[in-house]
Amino acid sequence: MTRLDENIGMSEQPSEAAASDGSPKSGRLGLLLGQARVVPAAGMVGLLIVMWAIAAVAIPRFSTGTNLLNILQQSSPLAIAAIGMTFVLLIAGIDLSVGSIYGLASVVLVAVLTNTGSVLLGVLAAAGAGLATGLLNGTIIERVRIPSFITTLGMFYVALAVGEMISSGVALQMPANTFLGTLVRGRPFGVPALVIVAAVIAVAAWCVLNRTSFGRAVVSVGYNREATRLSGGRVRLVVVGAFALSGLAAALSAILLTSQVGEGDPALGGLTATFEIIAAAVVGGTSLFGGRGTILGTVVGAVIIETINDWITLLNINTFLYQAVLGLLVLIAIIVEVERVQLAGGRRRPFDRSAAFLAEGADFVSEGEVASGKTILNARHIQKYAYDDEGRPVRGTTVLLLVDANLELRAGEIHALIGENGAGKTTLIKVLGGAVPHESGSLQVHGEERRFGSTVEARAAGISVIWQELSVAPRLTVVENMFLGRELRRGPWLRKREMLSQATQMLSTLGVSVDPRTTMARLSTAHQQLVEIAKAIGEHTQILILDEPTSSLSRVEVERLFGLLKQLRSEGIGIVFVTHRIEEVLAVSDRTTVLKDGVNAGTLVTSETTRDELIERMVGRELASNYPRSTAPIGAPVLVTSDLQFPGSANGLSIEVRSGEIVGLAGLVGAGRTEFARVLVGADKARTGTVVLDGSDITAWPIHRRLDAAMAFVPEDRKSQGVILPLSVQRNLTMTAWHHLGPGPLVLPSHERRIATSLVKLLSIRVRNIDQLLITLSGGNQQRVSVGKWLGQDRHVYVFDEPTRGIDVAARYALYALMVHIAERGGAILMISSDLPEVLGMSDRIYVMREGEISGEFTREEATEQTLLARMLPTASMSDAVTN
Amino acid sequence: MKSKVTDLLLARRAARPLGPIVLIAVAVFLIGLWVPHFATFGNLIQILIQASFTAVVAFGMTLVIVTGGIDLSVGGVISLVGVVEADLFLHDIPWPVAVLAGLATGAASGTVSGLVVGRLKLPPFIATFGTFGVTAGLALYLAPPISETISYPGALASLGSGSFVSIPYLVFAAFLVLVVVEVLYGMTHWGVWLRATGDALPVARLRSVPVPRVLCLAYIVSGLCAAIAGTLLAAYLTSPNPEQGGPYTLWAIAACVIGGVDLSGARGKLWAAGLGAVFLAAIQNALALEEVQPFYSDMVTGLLIIVAVVVATYAPLIRKELMTALGRIRLKAAS
């Protein structure tokens, strides 16, 4: 299972012990602007006041009491519908059907009213129609997984049609003198009744959003759906609920409008109304990307829109311009929001996602003679600070990922680059490959000093990187991939035949038997990798850098790859090979460079060194016997699986974890451990087999039930699954306890604060204040939050997936102590880890997984690194056919 | 015989084009049996005419969808272009100039959409929803008053109503557009770049594909196609209707989806989108013949999109099951 770490390098480093209070300077401004919810609402109110002030001076008849009250009255139905839309926008969805829910509710109201004479029934029916449409929207979106804008667009027409059906296409007259008619014309104490109704609804909505567990969940889902789900949030319910609210609000708004006009019109609203409603919410500061938005802001947005409408009327401007102006307003609001989030150092979710690199360095090991070719690449004293999405140093950071890194590569050499997690291998590769620039130090390619601003520049200089996350376009063919960006053409016309023949030739030279016309996605990872190498060779690469190339290859595929690399070496190409597998380093590389904590810990001739020496240099410490140990007795089995099978499993898995026990799960990347963990907690479905927890069969239980009852899950990828970065420390820590923060579904801020504060103390999380956004915390502290949120109640089973990956030493040991603490309280822990010393040091028992099945079980006493490794490595009988 | 059929279905390459063709043939056949007057030559021509407008828009829309985006503004462009040309005819501007102005309008709208999506990086449906608002609003604003009668220049009027060997010029026009766009899409590097952008944007960037320019191109082509459709539609209707483009957004998306264009990008055949347009027009025609109310038609279109997306999502799974089943039958037959 690969790690998708979008901001790799931000806080993965041991040297972050330098960040003393856990929050870099940029945090302060970010904290202020990032306390996102208050600021835009205040800004909007300000904008409204300014608008009214200007209009009062510039436009006659604007500032009369009648006109202003009129604006407020007109804004009320819009505000109500926009409040409903806000909930949908908050979960990062959109509801295009509200315009036709207007029409539907309108005719339903009048039809029922006319036929039954009861206002109450009419209102209930109309509201019910809106609610039902919203529920239908939500259900289709969640169950059938169609994007919300398609579903609601289709539903727009369906609701429109149903409305036309009911009214046979005509407007229905509403009986006069009904309660509703009186209501909408009423002015208790001079304030239009409509405004009062809108105000009441706004207050109610505010309470739902800010003081209930539903509201908390809405924001959480909007920011990060998967993380919410993995914390036990009932995502489906929240999404359906949001759409239901939107439909209901639209219906309520329609009821009021219909009563004003006095007739039920199936064409009420339409796409224009949809647009207006969205505009009101967006102008009011609600983000289209989810998570951000306030009720107050939306209300003010509605008033702003109606104010503009009023201006257009008063100034006799052509009303058709209104739509155009609305469109412009929405665009401006979005651009402003996007820029504001950028400024706050927050994470926006743009249409594109660049740089999904990750990597664990693999160490290259060579065999045979030392290459005596000349130096083609010389990196000296490279320094690099922790960087952001653009590759630039994070503002105010003192965290150095590369302190003094050196690498010298010769022609015709296979050079391994090894080092621990967080040693800086990935960062160095990125610098060499042009993905990020270095801050200081010298990088010479063929004797020429270079500093690459992009991978394109690096490739032009002859350096190609094969990233671990292969950079292929899966739905394009092999040929298209190989020539992407440098297609052969005659004028604008593609020379397809020639590209095909060149591709075939290149592939066969490398001994790859693949039809270049196949779609990339059809190939196995191994073959895709070979195609990538062929692509690089085709571009006349002289320096080939491979980033953990063997992590998802079978033994046979690895052998083939090494054969290919040796062939390339003999042609004078210099190869850098990042890996974790010492055996491979020893088998294939000529020289090895060890990186530790961003600094060179030696460059050795591989044939003259040993595995132990390499490990010693990587780790620089003795394999510690200073892991904390639990003194609790081990009890009965708490979690038992029988013959569990799931996508990615080879045979049924049967394990058990006992109370008070720490069970380690070792294995190579790609062995299926994370998939297994996800099935255990219910994040993914099992195919067959059972999972039994405390004697109950929970195989059919959905994830939220398992997590609510007795399980905890700390995912591998903490940044995108373990915590929600744009939320505060307090919100993150209380995410699993929404139902316990107050009576019933209510959430009391005082309870929330109390729980969060006590957890911060328990875990020694270094923060200045608990309203800080999680993104400002260091990796170690983020992980403490990711683990800590489960500690509010005693759970029975804790599943940790790579809990200490990329974390500094101090935080690591704190986590170990925490695990022991949990075990001593009777908890059962399943710990997935790729760090063998950690597995050996912490576990009472160890399972080893290999290629989708359990390949061994050891007690603490029986296990050694060698025995574990032997069970982890794939056996020679693995096939490498093209997969489907 | 059975083995031939299963062979055909199992041959993945062959299976792909079959989908839309089979669908249309079956649908037309069934409807022809059911609905009187449907299967007459005159009616079928009528269907093709209706399909032509949608198809032209769908060709441009396909390019946008292939980049992983969507263009909600086409309806507004169709309306606006019709209005712009009508206004120019009112002032006795020669028709080639007016048509060029119309096309330029479409291209301009596409450029705006493309820049907003490509440079400002806004989500396409927001950006094009905004462009839709602007173009639709402008169309209403600039529409010539109803009192003025516009005489459409002879050339355009005959384009809209004339035919060659019984096939209307409009249909030929649609084919011409198909050929031109297909040349761009299938035979130039732009086509590869469009698909690469929709398939794996970061990878395309890495390989120095000029993504903003590619996105711009997609939306400009879509705008131009919408402009052509608007011109053709106005020539056909010969009376300016500032809301003529309204339903075409949904219809074009429906045609693409039915034709197998993948909404998540990178996959789509232009001719299949064209066939999707024909299918849609056939359904709408049949409903009209049965004197079903117009709003039912819209509802059906909405449902068709949902169904098509569902089918497209689950089809690979179903096909897998089907193939394993067929494979088993084959084995059994062989043994």
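Our structure is the block above this text.
Residues numbered from 1 in each chain as written. Chains lettered and ligands numbered in written order. Predicted model: local features only at pLDDT ≥ 70, side-chain atom pairs only at ≥ 80, totals over all residues. Heavy atoms only, no water.

Focus on the overall build of chain A
In step 1: Scanning chain A from terminus to terminus reveals 31 helices and 24 strands.
In step 2: A buried classification covers 58% of the 884 residues belonging to chain A.
In step 3: For chain A, restricting intrachain contacts to residue pairs at least 6 apart in sequence, the fraction spanning at least 24 positions comes to 75%.
In step 4: If you sum the accessible surface of chain A, you get close to 33100 Å²; carbon and sulfur atoms cover 58% of it. (Helix = DSSP H or I, 4+ residues; strand = E, 2+ residues; numbered from the N terminus. Buried < 20%, exposed > 50% of the residue type's maximum accessible area, 1.4 Å probe, protein only. Contact = heavy atoms within 4.5 Å. Areas by Shrake-Rupley, 256 points an atom, 1.4 Å probe, with all protein chains shown as cover.)

Considerations on the overall build of chain B
In step 1: The helix and strand tally for chain B stands at 14 helices and 2 strands.
In step 2: The 335 residues of chain B split such that 53% are buried.
In step 3: Carbon and sulfur atoms make up 71% of the accessible area of chain B, which totals about 14500 Å².

A few points about the sheet that holds strand β16 (residues 656–658) of chain A
Residues and elements named next belong to chain A.
In step 1: Strand order in the open sheet made by the 4 strands is β16-β15-β18-β19, with antiparallel pairing throughout. Two strands lie at the open edges of the sheet, namely β16 and β19 (696–697), each paired on one side alone.
In step 2: For strand β18 (residues 688–693) and β19, the ladder comprises 2 bridges, and the chain directions are antiparallel. When the bridges of β19 are listed, Leu693 appears paired with Ser696.
In step 3: The strands touched by helix α23 (residues 673–681) are β15 (637–645) and β18; relative to β15, the strand with the most contacts, the crossing angle is about 115°. (Pairing = 2+ DSSP bridges. Axes fitted to C-alpha atoms, helices over the stretch in contact; angles between N-to-C directions.)

Section: the interface of chain A and chain B
In step 1: Every contact between the two is made by 61 residues of chain A and, on the other side, 62 residues of chain B.
In step 2: Interface area for chain A against chain B, summed over the two sides, is near 5700 Å², with a carbon-plus-sulfur share of 71%.
In step 3: At the junction of chain A with chain B, the criterion picks out 3 salt bridges.
In step 4: Between Asp199 of chain B and Arg475 of chain A there is a salt bridge; the shortest N-O distance is 3.3 Å.
In step 5: Our enumeration of links across chain A and chain B arrives at 9 residue pairs in polar contact (both at pLDDT 80 or more).
In step 6: Among the secondary structure elements, those contributing two or more residues to the side of chain A that touches chain B are α5 (119–144), α6 (148–167), α12 (270–283), α14 (320–343), α16 (455–460), α17 (478–482) and β10 (493–494) of chain A.
In step 7: At 10 residues, α6 of chain A tops the list of elements feeding residues into the side of chain A that touches chain B.
In step 8: A class-by-class count of the residues in the side of chain A that touches chain B yields 35 nonpolar, 10 polar and 16 charged. (Buried area = accessible area lost by both parts, 1.4 Å probe. Salt bridge = Lys/Arg side-chain N within 4 Å of Asp/Glu carboxyl O. Polar contact = N/O pair within 3.5 Å; in protein donor to acceptor, adjacent residues only side chain to side chain. Nonpolar A, V, L, I, M, F, W, Y, C, P; charged D, E, K, R; others polar.)

Focus on a nonpolar patch on the surface
In step 1: A cluster of nonpolar side chains, namely Val22, Val26, Phe29, Leu30, Leu33 and Trp34 of chain B, defines an oily patch on the protein surface of about 710 Å² accessible area.
In step 2: Within the secondary structure, Leu33 of chain B is located in helix α2 (residues 12–34). (Patch = residues over 30% accessible without salt bridge, like charges linked within 9 Å, V, L, I, M, F, W, Y side chains within 5 Å.)

So, empty space enclosed by the protein
All names here are of chain A.
In step 1: For the structure on display, the rule yields 14 cavities of 30 Å³ or more.
In step 2: Taken as a whole, the largest cavity encloses approximately 170 Å³ of empty space.
In step 3: Elements with a contribution of two residues or more to the lining of the largest cavity: α16, β8 (463–466) and α19 (525–538).
In step 4: When residues of the lining of the largest cavity are assigned to their parent elements, the largest contribution, 4 residues, is made by β8. (1 Å grid on protein atoms, 1.4 Å probe; cavity = no way out; pocket = protein on both sides within 12 Å on 5 of 7 lines; lining within 4 Å. Points joined across faces, edges and corners; volume = space filled by probe spheres on them.)

Examining the nonpolar core
In step 1: Counting 200 residues, the largest nonpolar core has Met482, Ile533, Leu544, Leu565 and Leu568 of chain A as its most contacted members.
In step 2: Take this core: its biggest share by element is 15 residues, from helix α3 (residues 41–66) of chain B.
In step 3: Counting residues in each nonpolar core, the second largest holds 69 residues, with Leu653, Leu763, Ile770 and Ile832 of chain A among its members. (Core = buried A, V, L, I, M, F, W, Y, C linked by side-chain atoms within 4.5 Å.)

Quick word on the environment of Thr688 of chain A
Residues and elements named next belong to chain A.
In step 1: Following the sequence through the fold, Thr688 ends up in strand β18.
In step 2: Taking C-alpha positions, Thr688 is 7.1 Å from Phe646, a pair spaced 42 residues apart along the chain.
In step 3: Once you skip the residues sitting within four places of it in the chain, Thr688 turns out to touch Asp643, Leu644 and Gln645.

A short note on the packing of helix α3 (residues 65–90) of chain A against helix α13 (residues 295–314) of chain A
Residue and element names in this part refer to chain A.
In step 1: For the pair α3 and α13, interaxial distance at closest approach is 7 Å and the crossing angle is 135°. Comparing their axes, α13 and α3 come out oblique. In this structure, α3 crosses over α13, and the sense of that crossing is right-handed. Every residue of α13 that contacts α3 at Asn67, Ile71, Leu72, Gln74, Ser75, Leu78, Ala79, Ala82, Ile83, Thr86 and Phe87 is listed here: Ile295, Thr298, Val299, Ala302, Val303, Ile305, Glu306, Thr307, Asp310 and Leu314.
In step 2: Here the contact of α3 with α13 is composed, by residue class, of 13 nonpolar, 6 polar and 2 charged. (Parallel < 35°, antiparallel > 145°, perpendicular 65-115°, else oblique. Left-handed = near helix turned anticlockwise from the far one by under 90°.)

Here we look at the sheet that holds strand β23 (residues 845–850) of chain A
Residues and elements named next belong to chain A.
In step 1: What the 6 strands build is an open sheet, ordered β20-β21-β22-β17-β23-β24; its pairing is mixed. Unpaired on one side and paired on the other, β20 (711–714) and β24 (853–859) mark the two borders of the sheet. Neighbour to neighbour, the strand axes of the sheet diverge by 15° on average, direction disregarded.
In step 2: Here strand β21 (residues 797–801) runs beside strand β22 (residues 828–832); their pairing, made up of 5 bridges, is parallel. Residue Tyr798 lies in a different strand from β22, and its bridge partner there is Ile829.
In step 3: Lying over the sheet, α23 contacts β17 (662–667), β20, β21, β22 and β23, oriented at roughly 150° with respect to β20.
In step 4: Sheet strands in contact with helix α31 (residues 865–872) are β17, β23 and β24, and its direction is about 30° off that of β23.

Points about the packing of aromatic side chains
In step 1: Taken as a whole and judged by the stated rule, the model has 15 aromatic pairs over all chains.
In step 2: A centroid spacing of 6.5 Å and a plane angle of 10° characterise the contact between Phe129 of chain B and Phe132 of chain B, whose relative ring orientation is stacked. With Phe129 of chain B and Phe132 of chain B both in helix α6 (residues 124–142) and 3 residues apart, the pair spans about one turn of that helix.
In step 3: Overall, Phe129 of chain B belongs to the buried group, its relative accessible area being 9%.
In step 4: Classification of Phe132 of chain B as buried rests on a relative accessible area of 15%.
In step 5: Clustering of aromatic rings is evident, with ring pairs tying together Phe275 of chain A together with Phe129 and Phe132 of chain B.
In step 6: In this structure, Arg705 of chain A packs its charged tip against the face of Trp701 of chain A, placed 3.9 Å from the ring centre. (Phe/Tyr/Trp six-rings, centres within 6.5 Å; stacked < 30°, edge-to-face > 60°. Lys NZ or Arg CZ within 6 Å of the ring centre and 35° of its normal.)

Some points on the pairing of strand β13 (residues 591–596) of chain A
Residues and elements named next belong to chain A.
In step 1: Here β13 lies mainly inside the structure; 5 of its 6 residues are buried.
In step 2: As paired elements, strand β5 (residues 414–419) and β13 share 5 bridges and run parallel to each other. In the sheet register, Ile418 faces β13, and the bridge partner there is Val594.
In step 3: Judged from the 5 bridges that link them, β13 and strand β14 (residues 599–605) form a sheet pairing that is antiparallel. From the neighbouring strand, Lys596 faces β14, where its bridge partner is Val599.
In step 4: Here β13 hands over to β14 after 2 residues, with Asp597 in that stretch at a positive phi of 55°.

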